[in-house]
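# Examining the three-dimensional arrangement
Letter by letter, the chains look like this.
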Amino acid sequence: MHVLLSGASGCLGSACVDLLKRFPEIELSVVRASRVDCVLPLGSRELPLEDVSDFTALNKLVGSRPPTHIIHVAALSSPAACEQQPELAWHANVAFTESLSRLAREHKAHMLLASTDLVFDGSEPVPGGFREQDEPEPLSVYSRSKREAELVALELERGCVARLALLYGHSHSSSRGVLGWMEDALRAREELTLFSDEFRSPVHVADAARSLLSLSNVGATGIWNCGGPERLSRLEFGHMVAETLGYETASIRQASRADVPSLPPRPKDVCLNSEKLIDLLGEPCRTVRQALLSEQ
């Protein structure tokens, strides 16, 4: 098994690298458009790619050692940045996927794309959470670009899409995610404003990485949801983080989505139903408390 991984500098990508270190029999190549700031396993290859849409350059970098599996987690994932720079969002999220999909097709490799729960509009809660067959209705530049990337990956005979819920967890990368900025505020006892009426199914980044590798390993195709077992508001999640990690909750302030309107609108409830993935893995991803306590 030779894995070509994108996005190793991010929170999820670095978690994938940490997991792959446990399997020295798996060859790893990392394609990157920027510096990789995590420690790669011994014998890994770094493939610096200046233009992620340049398939010719990508194929040349791969050379005579083509991958058997591609795990594509790189993305411009800030919704605000995507709104401000839609062309960059399309280039990073769609054009890169097109290049890697072409590579997968030419070398008959399995390809897995990490997508997002935000492809759903989430205007109303769905009993039990959104399932894989539910129709996406993306609201933002970011979510529309990820949906377009999904369609590119799903055109492949061996294409797979994993829709990830809100990721959290301590990371070895400089990209610290939602847990990082929450902890910074809690530690400094600064006001932390969190919505009581916006719901996700948070999944620990290590559990997400394990799920991606499992899907790749079995050659899964189609769409798979990857969320945690809890439906939590941002407020509930923040309190759970604070209480589990030993921070005071006095600085947490409750707010409503109506108090902070945004364009594009924020989805109200994009919780995922991950029963299909649970059947594959044999167990659900961990609760927030279980996952955070395991890091202590």
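Just so we're clear, the structure is a prediction, and the values are computed from it rather than from any experiment. (Residues numbered from 1 in each chain as written. Predicted model: local features only at pLDDT ≥ 70, side-chain atom pairs only at ≥ 80, totals over all residues. Heavy atoms only, no water.)

This part covers the sheet that holds strand β2 (residues 27-32). With respect to topology, seven strands assemble into an open sheet ordered β3-β2-β1-β4-β5-β6-β11, the strand pairing being parallel. Unpaired on one side and paired on the other, β3 (45-48) and β11 (222-226) mark the two borders of the sheet. On average, each strand axis in the sheet is tilted by 20° relative to the strand beside it, whichever way the strands run. Where β2 and β3 come together, four bridges link them in parallel fashion. (Pairing = 2+ DSSP bridges. Helix = DSSP H or I, 4+ residues; strand = E, 2+ residues; numbered from the N terminus. Axes fitted to C-alpha atoms, helices over the stretch in contact; angles between N-to-C directions.)

Another aspect to go through is the nonpolar core. The biggest cluster of nonpolar side chains holds 45 residues, and the ones touching the most others in it are Leu5, Leu12, Ile71, Leu164, Leu212 and Leu215. At seven residues, the largest contribution of residues to this core is made by helix α1 (residues 11-20). Look past the residues within four positions of Leu5 in its chain and what remains in contact with it is Gly13, Cys16, Val17, Leu28, Ser29, Val30, Val31, Ile71 and Val73. (Core = buried A, V, L, I, M, F, W, Y, C linked by side-chain atoms within 4.5 Å. Buried < 20%, exposed > 50% of the residue type's maximum accessible area, 1.4 Å probe, protein only. Contact = heavy atoms within 4.5 Å.)

Pairing is possible between side chains that carry opposite charge, provided their charged atoms lie close to one another. The full count for this structure, using the stated rule, is 19 salt bridges. Of the charged contacts, one joins Arg32 and Glu46 as a salt bridge, the two residues approaching to 2.6 Å between their closest N and O atoms. One end of the pair, Arg32, is in strand β2; the other, Glu46, is in strand β3, and 14 residues separate them in sequence. Taking the relative accessible area as the measure of exposure, Glu46 reaches 40% and is therefore partly exposed. Measuring nitrogen to oxygen at the nearest pair gives 2.8 Å for the salt bridge that ties Glu150 to Arg163. Here Glu150 is found in helix α5 (residues 141-154), whereas its partner Arg163 is found in strand β6 (residues 159-164), with 13 residues between them in sequence. (Salt bridge = Lys/Arg side-chain N within 4 Å of Asp/Glu carboxyl O.)

Attention now moves to the packing of helix α4 (residues 86-107) against α5. Remark: α4 packs on α5, axes separated minimally by 9 Å, with the N-to-C direction vectors making an angle of 15°. Of the possible angle classes, the one that applies to α4 and α5 is roughly parallel. Relative to α5, the crossing made by α4 is right-handed. Between α4 and α5, the contacting residues are Pro86, Ala89, Trp90, Asn93, Val94, Thr97, Glu98 and Ser101 on the first element and Val141, Tyr142, Arg144, Ser145, Lys146, Glu148, Ala149, Val152 and Ala153 on the second. Partitioning the contact of α4 with α5 into residue classes produces nine nonpolar, four polar and four charged. (Parallel < 35°, antiparallel > 145°, perpendicular 65-115°, else oblique. Left-handed = near helix turned anticlockwise from the far one by under 90°. Nonpolar A, V, L, I, M, F, W, Y, C, P; charged D, E, K, R; others polar.)

Relative to the 20 Å expected for 14 residues at 1.5 Å per residue, helix α7 (residues 205-218) spans 20 Å between its end C-alpha atoms, a close match to the ideal helical length. When we look at burial in α7, the residues that qualify are Val205, Asp207, Ala208, Ala209, Ser211, Leu212, Leu213, Leu215 and Ser216. Remark: Gly219 follows α7 within two positions and exhibits a positive phi of approximately 70°. (Expected span 1.5 Å × (residues − 1).)

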